[in-house]
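Structural overview for review
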Amino acid sequence: LEAVTKAGGPTGSWGITYILSKAQLNDPVLYFGVFLIGFIITQILILRMKIDIVLASFITILGIYIFIPRWGIQYLIWVYPLMYLAINRLEQIMVKNFVLISSVYIFFSYSSLSLGPEIKKIAELTGIILWLYIIYWFVKLIKEFTTSNPPFRHLFQERDPPAGGEDTIKYSAKRIQS
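The shown structure was predicted, so the numbers you read here are calculated from the model rather than taken from an experiment.

How each quantity is defined
Residues numbered from 1 in each chain as written. Predicted model: local features only at pLDDT ≥ 70, side-chain atom pairs only at ≥ 80, totals over all residues. Heavy atoms only, no water. Core = buried A, V, L, I, M, F, W, Y, C linked by side-chain atoms within 4.5 Å. Buried < 20%, exposed > 50% of the residue type's maximum accessible area, 1.4 Å probe, protein only. Helix = DSSP H or I, 4+ residues; strand = E, 2+ residues; numbered from the N terminus. Contact = heavy atoms within 4.5 Å. Salt bridge = Lys/Arg side-chain N within 4 Å of Asp/Glu carboxyl O. Patch = residues over 30% accessible without salt bridge, like charges linked within 9 Å, V, L, I, M, F, W, Y side chains within 5 Å. Areas by Shrake-Rupley, 256 points an atom, 1.4 Å probe, with all protein chains shown as cover. Axes fitted to C-alpha atoms, helices over the stretch in contact; angles between N-to-C directions. Parallel < 35°, antiparallel > 145°, perpendicular 65-115°, else oblique. Left-handed = near helix turned anticlockwise from the far one by under 90°. Nonpolar A, V, L, I, M, F, W, Y, C, P; charged D, E, K, R; others polar. Phe/Tyr/Trp six-rings, centres within 6.5 Å; stacked < 30°, edge-to-face > 60°.

Ranked by internal contacts, the top residues of the largest apolar core, which has 40 residues, are Phe58, Ile59, Leu62, Tyr65, Leu90, Phe98 and Trp137. Of all the elements in the fold, those that place two or more residues in this core are α2 (15-22), α3 (28-47), α4 (53-67), α5 (79-85), α6 (92-115) and α7 (117-146). Residue contacts for Phe58: discarding those within four places in its chain leaves Val79, Leu82, Met83, Leu90, Trp137 and Leu141.

Written as structure tokens, this is what we have:
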């Protein structure tokens, strides 16, 4: 458990654990619990999608980035091979934005080692921006690949049932068929 909760990399904190540590909630069991619950939810969502292993692995890594306790800057390397293998199924602007934001984050993280605490604050801010972007991209991908698949389609589509009568029967028949 200690290896999972120790800070790594130049800034050390990331995402949820950064926020929890700023709120003085430095409990390794809490960090691990958040990660475990997040990982399980991510896997349940992915198992319900009809996607190939490369895209499933890419989305899993994004989910790990969201919920991982602490942070090592080298973790950003995990997603690059999968991102480029899935490049034809991803929006190019999302990929370019990720590369840009993560590059800026890496620059400030490593600069903070030699340039001092002022740069570390910029690295932490850039890390939060990158983390929020990853959450946005993760949710966008989950919505994109589940709306076309029956298991979770109802979660992302609004349907107003008819007031009653014969229309209700037709509506119910359509729902059963879809």
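Okay, back to it.
This part takes up the pattern of salt bridges. Using the criterion set out here, one finds two salt bridges in the structure. The residue Lys140 makes a salt bridge to Glu91 at a minimum N-O spacing of 3.1 Å. Remark: Glu91 occurs in the loop between α5 and α6 and Lys140 occurs in helix α7; sequence separation between them is 49 residues. Residue Lys140 is classed as partly exposed on the basis of its relative accessible area, which comes to 25%. Residue class for Glu91 comes out partly exposed when judged on its relative accessible area of 35%.

Before going further, it helps to spend a moment on a nonpolar patch on the surface. A cluster of nonpolar side chains, Phe32, Leu36, Phe39, Ile40 and Ile44, forms an exposed patch at the surface whose accessible area comes to about 410 Å². Among the structural elements, Ile40 can be located in helix α3. For Ile40, a relative accessible area of 43% puts it in the partly exposed group.

This part is about the packing of α3 against α4. Orientation of α3 relative to α4, taken along the N-to-C sense of each, is 155°, at an axis distance of 9 Å. Here α3 is positioned roughly antiparallel relative to α4, judged by the angle of their axes. Here α3 and α4 pass one another in a crossing that is right-handed. Only Ala56, Ile59, Thr60, Gly63, Ile64 and Phe67 of α4 make contact with α3, whose side of the interface consists of Val34, Phe35, Gly38, Phe39, Thr42, Gln43 and Ile46. A breakdown of the residues in the contact of α3 with α4 according to their chemical character gives eight nonpolar, five polar and no charged.

So, about the environment of Tyr84. If you trace the backbone, Tyr84 turns up in helix α5. Looking at Tyr84, the relative accessible area reads 45%, which means it is partly exposed.

With that settled, the discussion passes to the packing of aromatic side chains. Evaluation of the coordinates by the stated rule reveals 10 aromatic pairs. With a centroid separation of 5.9 Å and 50° between ring planes, the pair formed by Tyr80 and Phe98 is classed as tilted. Taken as a pair, Tyr80 in helix α5 and Phe98 in helix α6 lie far apart in primary sequence, 18 residues in all. The buried category is assigned to Phe98, whose relative accessible area is 0%. Ring centres of Tyr133 and Tyr136 lie 6.4 Å apart, and the angle between their planes is 45°; this geometry places the pair in the tilted category. Highlighted residues: Tyr133 and Tyr136, both in helix α7, separated by three residues, approximately one helical turn. Aromatic ring contacts, followed pair by pair, group Phe58, Tyr80, Tyr84, Phe98, Tyr133, Tyr136 and Trp137 into a single cluster.

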